[in-house]
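This is what each chain is made of:
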Amino acid sequence: MTISIITATYNSAATIADTLNSVLQQTHQDFEIIVVDGVSSDNTLDIVRSFETKMQGKLHIISEPDKGLYDAMNKGLRRATGEIVGILNSDDFFSSIHSLAYIAQTFENKDIEACYGNLYFVHPNDLKTPVRYYNSGHFRRWMMRLGYAPPHPTFYCRKSIYQQQPLFDLDLKIAADFELMLRLIYVQRLSILHIPHNLVTMRIGGI
């Protein structure tokens, strides 16, 4: 089962190596990673390209002007060829070498359309000490009416679902991820499952 991972970058030289290394270390190796770069002015692309040999053809790079983060994510979603798709931001990394394996095992159940897990927040200067733990195990659909949602960095969905509808809304500058999950989980009532593991670690800050 191929999992497509989409990573949007823009001047991400300080963090992108951590992101890509965490992908390389996964026990589930049936993946592709699509890096969508907004024409970085630092050496982000040099760092990304240095991983091409290690990725053995699984790394795909797009570098061109875009309309922001969500436009870059949409480009990655359209390019994705895997059965399962998720977003790994350029300042985030997988918490466990088994993160993709947990996700792949979940989608072995053909009735599951999307999944999500737990998330660590860390300070950029200390990646080993969580400053917040986002346990999404108690999430229920109705909570989205109150603004609560599963952590988007841990959200993975079947590609076929994305092909049936609009992607991230570019008119929403910082809330398009919430709006997309609202459509999928609350409005369309996808069959979702919580993975009881810490899938992703996220640096505080960013957009």
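Conventions adopted
Residues numbered from 1 in each chain as written. Predicted model: local features only at pLDDT ≥ 70, side-chain atom pairs only at ≥ 80, totals over all residues. Heavy atoms only, no water. Core = buried A, V, L, I, M, F, W, Y, C linked by side-chain atoms within 4.5 Å. Buried < 20%, exposed > 50% of the residue type's maximum accessible area, 1.4 Å probe, protein only. Helix = DSSP H or I, 4+ residues; strand = E, 2+ residues; numbered from the N terminus. Contact = heavy atoms within 4.5 Å. Polar contact = N/O pair within 3.5 Å; in protein donor to acceptor, adjacent residues only side chain to side chain. Pairing = 2+ DSSP bridges. Phe/Tyr/Trp six-rings, centres within 6.5 Å; stacked < 30°, edge-to-face > 60°. Lys NZ or Arg CZ within 6 Å of the ring centre and 35° of its normal. Disulfide = S-S within 2.5 Å.

(A) Structural context of the nonpolar core. By size, the foremost hydrophobic cluster in this structure holds 31 residues, and its most contacted members are Phe-155, Cys-157, Tyr-162 and Leu-184. For this core, the elements supplying multiple residues, two or more each, are strand S1 (3-9), strand S2 (31-37), helix H4 (69-79), strand S4 (84-87), strand S6 (114-123), helix H6 (159-162) and helix H7 (176-187). With five residues, the top contributor of residues to this core is H7. Residues in contact with Cys-157, not counting those within four places in the same chain, are Glu-83, Ile-84, Val-85, Phe-107, Glu-113, Ala-114, Tyr-162, Leu-184 and Leu-190. Of all hydrophobic cores here, the second largest spans 29 residues; its members include Ile-84, Phe-94, Leu-100 and Leu-199.

(B) Representation of the side chain of Ser-40. Position of Ser-40 among the secondary structure elements: in the loop between S2 and helix H2 (44-49). A distance of 2.7 Å separates a polar side-chain atom of Ser-40 from the backbone nitrogen of Asn-11. Polar contacts involving the side chain of Ser-40 include one to the side chain of Asp-37, which spans 2.6 Å. Those residues in contact with Ser-40 that lie beyond four places of it in its chain are Thr-9, Tyr-10 and Asn-11.

(C) Quick peek at the side chain of Glu-32. Within the secondary structure, Glu-32 is located in strand S2. For Glu-32, the side chain forms a polar contact with the main-chain nitrogen of Thr-81, separated by 2.7 Å. Excluding residues within four positions of it along the chain, Glu-32 makes contact with Thr-2, Ile-3, Ser-4, Ile-5, Lys-58, His-60, Arg-79, Ala-80, Thr-81 and Gly-82.

(D) Main features of the pairing of S6. Of all the ten residues making up S6, eight are buried; the element is thus mostly covered by neighbouring parts of the structure. Looking at chain direction, S6 and strand S8 (residues 156-158) are connected through two bridges and run antiparallel. Bridge assignment links Ala-114 to a residue of S8, and that residue is Cys-157. Inspection of the sheet shows S6 paired to strand S9 (residues 192-203) by eight bridges, in the parallel sense. Bridge pairing in S9 places Phe-121 opposite Met-202. Note: S6 against strand S7 (residues 126-134), five bridges, orientation antiparallel. Counterpart to Val-122 in the pairing with S7 is Pro-130. Connecting S6 to the next strand, S7, in antiparallel fashion are two residues.

(E) Spotlight on the packing of aromatic side chains. Scanning the entire structure with this criterion turns up five aromatic pairs. Ring centres 5.3 Å apart and planes at 40° place the aromatic pair Tyr-120 and Tyr-133 in the tilted group. You can see Tyr-120 sitting in strand S6 and its partner Tyr-133 sitting in strand S7, a full 13 residues away along the chain. Take Tyr-120: its relative accessible area is 26%, and that puts it in the partly exposed class. Between the aromatic rings of Phe-139 and Tyr-148, the centroid separation amounts to 5.8 Å while the plane-to-plane angle is 25°, which identifies the pairing as stacked. Following the ring pairs from residue to residue traces out a cluster consisting of Tyr-116, Tyr-134, Phe-139 and Tyr-148. Geometry around Phe-31 places Lys-58 over its ring, the cationic atom sitting 4.7 Å from the centre. Lying across the ring of Tyr-134, Arg-132 places its NZ or CZ 5.1 Å from the centre.

(F) Structural detail: the state of the cysteines. One pass over the structure, following the stated rule, counts zero disulfides. No disulfide involves Cys-115; its nearest neighbouring cysteine sulfur is the one of Cys-157, lying 8.9 Å away.

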